[in-house]
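# Coordinate inspection notes
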Amino acid sequence: MSETMNAPAPVAAGKREKMIEVVGVSRRFAKRLDFAGKLAAKLGAPIREEVVHAVDKVDLTIHRGEVVGLVGESGCGKSTLGRMVAGILPPSDGSILWKGQDRTGLHGKEARAATLQAQMIFQDPMSSLNPRLKVAEIIGEAPLFHGLTKRSEFGAYVDEQMRRAGLDPSYKSRYPHQFSGGQRQRIGIARALAVQPEFLVCDESVAALDVSIQAQILNLFMKLRRELNLTYLFISHDLGVVEHLSDRVVIMYLGRVVEEAPTETVFARANHPYTQSLLGAVPRIEARKKAFVTVQGEIPSPLNPPAGCHFHPRCPHAFDRCRVEVPALKEVAPGHKSRCHLNDLPNHGGQPV
Amino acid sequence: MQPTIPASAAPPTLQVRNLQTKFFTRAGVVPAVNDVSFTVSRGKVLGLVGESGSGKTVTGFSIMRLVDDPGRITGGEILFNGQDLVKSSEDEMRQLRGNRIAMIFQDPMMTLNPVLRIDTQMIETMQAHTNISREAARQRARDTLGMVGIPSPDERLMAYPHQFSGGMRQRVAIAIALLHEPELIVADEPTTALDVTIQGQILAEVQKLAANTGTSIIWITHDLSVVAGLADDIAVMYAGEIAEYGAVADVLDHPLHPYTNGLLGSVPSRNKRGEPLRQIPGTTPSLLRLPPGCPFQTRCPRAADVCRQPPPMAEILPAHEARCFRPHLENAGVAA
Amino acid sequence: MSATTAPPVPTETKAPRVETPLRRFISEFAESKMAVGALIVFLAIVLIAIFAPLISPQNPYDLAQLDIMDGRLEPGSKSGDGSITYWLGTDDQGRDMLSGIMYGLRISLVVGAGSAIVAALVGASLGMLAAYAGGRTDTVIMRLVDLQLSFPTILSALMILAFLGKGVMNVVIALIVVEWAYYARTVRGTALVERRREYIEAAQCLALPTRRIIFRHLLPNCMPPLIVVATIQIARAIALEATLSFLGLGVPITEPSLGLLIANGYEYMLSGKYWISFYPGIALLITIVSINLVGDHLRDVLNPRLKK
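I will try to describe carefully the structure that is included in this document.

Criteria and thresholds
Residues numbered from 1 in each chain as written. Chains lettered and ligands numbered in written order. Predicted model: local features only at pLDDT ≥ 70, side-chain atom pairs only at ≥ 80, totals over all residues. Helix = DSSP H or I, 4+ residues; strand = E, 2+ residues; numbered from the N terminus. Rg over C-alpha atoms; globule rule 2.2 N^0.38 Å. Buried ≥ 20, exposed ≤ 12 C-beta atoms within 10 Å, placed from the backbone. Contact = placed C-beta atoms within 7 Å. Nonpolar A, V, L, I, M, F, W, Y, C, P; charged D, E, K, R; others polar. Pairing = 2+ DSSP bridges. Core = buried A, V, L, I, M, F, W, Y, C linked by C-beta atoms within 7 Å.

The subject of this paragraph is the overall build of chain C. Check the secondary structure of chain C and you find 11 helices and 2 strands. When its helices and strands are written in sequence order, chain C yields α-α-α-β-β-α-α-α-α-α-α-α-α. Whereas a compact globule of 308 residues would reach a radius of gyration of roughly 19 Å, chain C reaches 24 Å, over 25% beyond that. Of all 308 residues assigned to chain C, the portion counted as buried reaches 41%. For chain C, contacts bridging at least 24 residues in sequence account for 68% of all contacts bridging at least 6.

When helices and strands are counted, chain A shows 11 helices and 12 strands. Its C-alpha atoms give chain A a radius of gyration of 22 Å, near enough to 20 Å, the size a compact globule of 353 residues would have. By principal-axis analysis of the C-alpha atoms, chain A measures approximately 70 × 60 × 45 Å. Out of the 353 residues in chain A, the part that is buried amounts to 49%. Relative to all contacts within chain A whose residues are 6 or more apart in sequence, the contacts with residues 24 or more apart total 67%.

Our focus in this paragraph is the interface of chain B and chain A. How big an interface is tends to be reported as the loss of accessible area on association of its parts. Between chain B and chain A, the residue contacts involve 42 residues of the former and 39 residues of the latter. If you list the elements that add at least two residues to the side of chain B that touches chain A, you get α6 (166-178), α7 (196-213), α8 (224-228), α9 (248-253) and α10 (258-266) of chain B. Per-element tally for the side of chain B that touches chain A: the top contributor is α7 of chain B, with 9 residues. When grouped by side-chain class, the residues that make up the side of chain B that touches chain A number 18 nonpolar, 18 polar and 6 charged.

What follows covers the pairing of strand β11 (residues 330-333) of chain A. Here is the key point about a regular strand: its side chains alternate between the two faces of the sheet. Residue and element names in this part refer to chain A. Strand direction decides the pairing type here: β11 and strand β12 (residues 336-338), joined by 3 bridges, are antiparallel. Opposite alanine 333, over in β12, you have histidine 336 as the bridge partner. Connecting β11 to the antiparallel partner β12 that follows it, the hairpin turn spans 2 residues, and glycine 335 within it adopts a positive phi of roughly 75°.

The subject of this paragraph is the nonpolar core. Where a protein is soluble and globular, its nonpolar side chains tend to be buried together. With 163 residues, the main nonpolar core has Val85 and Phe234 of chain A together with Leu175 of chain C as its most contacted residues. With 17 residues, the top contributor of residues to this core is helix α4 (residues 97-133) of chain C. Contacts of valine 85 of chain A, omitting those with residues within four sequence positions, involve Ile20, Val22, Ile96, Ala118, Val201 and Leu233 of chain A. The next biggest cluster of nonpolar side chains, apart from the first, holds 93 residues, and it includes Leu14, Met122, Ala235 and Tyr259 of chain B.

Bringing the interface of chain A and chain C into the picture now. On the side of chain C, 26 residues touch chain A, which itself brings 38 residues to the contact. Looking at the side of chain A that touches chain C, the elements that each hand over two or more residues are α3 (108-117), β6 (118-121), α4 (135-145), α6 (181-193) and α7 (211-228) of chain A.

Turning next to the sheet that holds strand β4 (residues 71-80) of chain B. Residue and element names in this part refer to chain B. Within the open sheet, the 4 strands sit side by side as β2-β1-β4-β5. Their pairing is antiparallel. The two strands at the open ends of the sheet, each matched to only one other strand, are β2 (28-40) and β5 (83-84). When strand β1 (residues 14-25) meets β2, the two strands line up antiparallel, connected through 8 bridges. Counterpart to leucine 14 in the pairing with β2 is valine 40.

With omega at 5°, the peptide bond leading from aspartate 69 of chain B into proline 70 of chain B counts as cis. Its place among the elements puts proline 70 of chain B in the loop between α1 (56-63) and β4. The phi dihedral of leucine 254 of chain A falls on the positive side, at around 45°, and the residue is not glycine. Of note, glutamate 181 of chain B is a non-glycine position whose phi angle comes to about 45°, a positive value.

Below, the structure is given as structure tokens:
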């Protein structure tokens, strides 16, 4: 009970093996015009092709054994980035290196192996399970297909995966609708583990669960990390969950990474004004009749993000430069990067506010 | 801080006594709300907290008398300024709803009509209940939008709901709820679907409103930390019953019921980073197959033989009630 | 350790029997007495059609068995040689109407169900292809669907039969051509929704081949609306075949389907010999209504949006 579940703090991360490297990756979604739309546009109607830069030139490295928390609000591109890292969605630009190799360059067996090694745990425990398959089929289909188990050992293999995810194997001939939300999420976890991955992308994997069930699933993630030496990209809007689980935190806003640092640093000395306002807005149990201090304004539409620093219209410290020039993601302390012009001001010492 | 359980001078805005709501389904009778009692005084905020299936939403809908078939209020009283809503006619309820009692839903589109402009909706809502000129109603609509923090309300009045973001829509829904300066607002998870920074903005506005207008609020949520900063009192629901009820500081700092204690313990920020979270084992029991006695006994670390009897709701500490035979008295520094 | 492995918790349903989707579907379907009644009637009609050669008083297609002298006899009359009673009367060829209806049902059902099944296969494949491939393939297929649906059904069928000529097989072909578009449109719509679900992404993540994802994961989840459309379309196909036969473009005169039986009696309607058209009409009505009732209730049961 009392032993620490996290691996040693990743201070010397630079020396460790790189699991996944995201290099200058962008993803654009275009809403193309159909024939009628094109015609209308030709005739001068105010419609044009709309392009969303869901993810905009993101660099991210995740080392073996690390848990990286990816935090942001809606429209920040965290789910899109997660899907690209998991290999479900191809990037529009840039490359994703899996253990040093570009995944798009892999073919056949190698490509399949790389895909299997990065698995994803989804948000909605119901829609992530095929309602027409029994639990055993959901968990066992891929390992059987890829030859990770034989038909003769199929039953035992599925039992093992279910036990590992905290499920009673005697329920394996049931259907997803017969389980509660937390148990469905365990089925999703067992399905991912069944192909023996090294890397899990968890996309809001506990957001849809009740508080008491959330804790069970988070504990399961930590147990699996220790037992199977898993690496995680943990995507969440819940800073409390991310703080508890992650070694390192990456904050995104409207497609760009705005801050990246070891977890303690982010929560103790957040550099970027957006991170600071995000931390300020999180409701805490300890608060009593507190006046909620909040950041002003709405999250702009990703269709039409503000020029310069995307955060400038809501930023209390914005100045002229923020409105025109995109700030670069710069190191403000060892292992701590931030994308803010304030850090270039002489008297600032890298600590806005 | 004095919790608001006993009402001395003016009658409290709302007094719910032994409320019972059941759903008569094909699979059996579901006791969705069972023996629920609480009091909301003028200008106070009650946080009604629970997980899915705990009955918190059905409690809210029961107060509004909006429980649909196959559900029915089967017992108890809902005293709104002394008037029993359970016994009120549908006509009387229509007069109260949206006028003196308003509801805010998780999805603001439950309130908003997608094909009507905001000004039309707000003005018509007002004219339905009061004799007010169009111009005065418009003025009031504009003021109310400003009150909930909507910038340039004049422009926004002319817009349709789809032209607003999720957070703005929820603000408009809140503004509509506020139009008649209701005495009671029942808010069902109104910020759950919103982003953290937007949720913070709305909580800030609601806090100001409760303080300035004297409106009483029942804030239904699954998130203890939201009501921690907002509410005066908290009622924690489990399996259709109130497990614990008292002032925010009492319930959150010295939880008596093992369920509240477990919930608070499982919040990540209350655990040491990287350590396993203190979790409540098991899952919420189906309301169709509750164990006899305390519904929490199957998951409770303190369960004993006595828990096979139904525990009564008891004022275990002054103005701090719990439905438990073996409460965590040590949390409050009292010897067991 | 013990803190992380939650005890495997029993689910809400403790029933010893596994509640398969099929069982759940059956119990929900059984809730409507009307639909169950309609299903029983429909199954009875199918049985009558299948065993018509064994149970019908005569073989109406064997001209040697027909006696022209027995033509247009009233219901309940005996044949000239006294061997059979014509409970529903005879037509102008001396054909026993009861036997004619039984055999006619065979043709109507085979034509209706056969065309519906083939049209469903063709339409579902094209719809699935349009949804999964997207882009130009999608555009071409869906514009074809629009084109097909913009023609009045009866007009298209008439044109096709005018080109192909009479005959049961040609009626089936005509029906397939006019009906596939309904299936394609339905399946494409469902597939577009279903393929965005996370279980499809999960299957991609598990490196399953696209063909397997489509047929094992996507298609089975697109079946409910397809089944509903197929049921309604069988009824439509039967009605359409009857119309074509009534217009004399359908099945050959020697092997009348229900539509042709109705057409044969049409000219005697006003002379009081109602039964030649009336009874086949009733048979056709019962068949179509029972299928539609089953289909309507299927739609209620299978539509997740109507679930409580």
